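Okay, here's what each chain looks like letter by letter:
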Amino acid sequence: MENEFIIEVQNLTKTFGKFTAVDNISFTVKKGEVFGLLGPNGAGKSTTLRMLSTLARPTKGTATIGGYDIVKNDTGVRKMIGIVSEKMIMYDRLTAKENLWFFGSLFNIPKDVLTKRIDELLELIQLTKWKNAQVGTFSTGMRQRMNVVRALLNLPQVLFLDEPTLGLDPQSSVEIRDFIKKLNRENGTTVVITTHMMVDADLMCDRIAIVDHGKIVALDTPANLKKLISGADTTILKLNIANLTSELIETVRALKCADAVTQENSTTLKILVHGDEAFDSVIDAIRVKNGKVTSMENLQPTLEDVFLHITGHQVRDSADQKIKMENHKPFARQQRRIR
Ligand SMILES: Nc1ncnc2c1ncn2[C@@H]1O[C@H](COP(=O)(O)OP(=O)(O)O)[C@@H](O)[C@H]1O
Ligand SMILES: [Mg+2]
């Protein structure tokens, strides 16, 4: 029987001097799957992708792509894969067609086959109308679609994408996500993406490996990952509170049932709680500090919550987020499942 796994990663490790960027990771990707590596900046996502696409050598461990070993048979691997790196590589002064022709000619593709393929690919990204326009005149979304399609010229079975929506406006991100899903659905291309964007991972990936400090800390479908915190007796309360004071927040943080408390704005708290008594305890604590609950919601957990829960910190590193984590109690660290 044909191997169900198109990618098998075993104990893959990359060190730079004394620093371990990728720390002994193992996972498999099924044929036809969209697989995500989700984690904050510096987690080791790009380094992992670079090793898998033979651009960097592992320090230890290895992986196979379609049965080819990334160390022993990098030529075999390269025939299987396409890579879209973080940087866009495209010549502004050349037209869409000329760019693809240039990059296509780097592969050993017969001219007539390449001509036909370029037309098909431009059709696929809905740029046929623009094929004779200079890429320099394109919108960011159009350029990124060109960038993705450039990696498809050799009809790869596996497409690696490093942060495909990084720096894109919301509309362009939607375009790219849709395109990648379509490519996966219609051509059966196996896709591995890296991202630090929760929404990318959630909307695009069949399975997600959450990466932190070079390690895989959880691996599952988005739905199952969310069950990690919505399951059992854990839930997220979103409360609007009149008279929200720092003293009140500290009191809530000190509650046994509160696992993480984040302040969203001057009147809103998000509290990850566990236990039957949680609801009463929280309300009591707020009353004691003269707070008045004006509304309350029971939230569905997002991947962001999952990440926070598992790692104890946020995936975003932006300082403008007012979320505070000092009181995070990683009680569920032992519960995390790695499949
Ligand atoms: N060539 C290199 N030399 C030294 N350190 C590196 C090199 N490449 C990456 N790193 C370090 O390895 C860590 C992981 O980097 P990277 O894989 O780019 O993370 P991510 O893509 O998840 O943001 C970072 O701390 C980065 O600074
Ligand atoms: Mg990166």
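For the structure itself, look to the data block above.
All figures in this text were calculated on a predicted structure; none of them were measured in a lab. (Residues numbered from 1 in each chain as written. Chains lettered and ligands numbered in written order. Predicted model: local features only at pLDDT ≥ 70, side-chain atom pairs only at ≥ 80, totals over all residues. Heavy atoms only, no water.)

Trainee: Got a sec to walk through the sheet that holds strand β10 (residues 215–220)? Specific residues and values, please.
Mentor: A sheet is described by the order of its strands in space; here six strands give the open sequence β6-β7-β8-β3-β9-β10, paired in mixed fashion. Looking at strand neighbours, the two that pair on one side only are β6 (81–84) and β10, the edges of this open sheet. When strand polarity is set aside, the average angle formed by the axes of neighbouring strands in this sheet is 15°. Looking at chain direction, strand β9 (residues 207–212) and β10 are connected through five bridges and run antiparallel. Counted as the bridge partner of isoleucine 210 is alanine 218 from β10. The sheet strands contacting helix α1 (residues 45–52) are β3 (34–38), β7 (158–162) and β8 (190–195), and the helix crosses β7 at an angle near 150°. (Pairing = 2+ DSSP bridges. Helix = DSSP H or I, 4+ residues; strand = E, 2+ residues; numbered from the N terminus. Axes fitted to C-alpha atoms, helices over the stretch in contact; angles between N-to-C directions. Contact = heavy atoms within 4.5 Å.)

Trainee: Talk me through the pattern of salt bridges; I want residue IDs and the actual numbers.
Mentor: Summed over the entire model, instances satisfying the criterion amount to 13 salt bridges. Residue glutamate 120 pairs with lysine 116 through a salt bridge whose shortest N-O separation is 3.4 Å. With glutamate 120 and lysine 116 both in helix α4 (residues 111–124) and four residues apart, the pair spans about one turn of that helix. Salt-bridge contacts for arginine 177 lead to aspartate 200; the nearest nitrogen and oxygen are separated by 3.0 Å. On the criterion of sequence distance, the pair formed by arginine 177 in helix α6 (residues 170–187) and aspartate 200 in helix α7 (residues 198–204) is long-range, its members being 23 residues apart. Each member of the pair arginine 177 and aspartate 200 is classed as buried. (Salt bridge = Lys/Arg side-chain N within 4 Å of Asp/Glu carboxyl O. Buried < 20%, exposed > 50% of the residue type's maximum accessible area, 1.4 Å probe, protein only.)

Trainee: How would you summarise the sheet that holds strand β5 (residues 68–69) if you had to cite specific residues and measurements?
Mentor: In any sheet, the strands associate via hydrogen bonds between backbone groups, in a parallel or an antiparallel arrangement. With respect to topology, four strands assemble into an open sheet ordered β2-β1-β4-β5, the strand pairing being antiparallel. Of all strands in the sheet, those bounded by a partner on one side alone are β2 (19–30) and β5. In this sheet, β2 lies alongside strand β1 (residues 5–16) in antiparallel orientation, the contact comprising eight bridges. Directly across from glutamate 8, in β2, lies its bridge partner threonine 28. Along the sheet, α1 contacts β1, β2 and β4 (60–65); its crossing angle with β1, the most-contacted strand, is approximately 120°.

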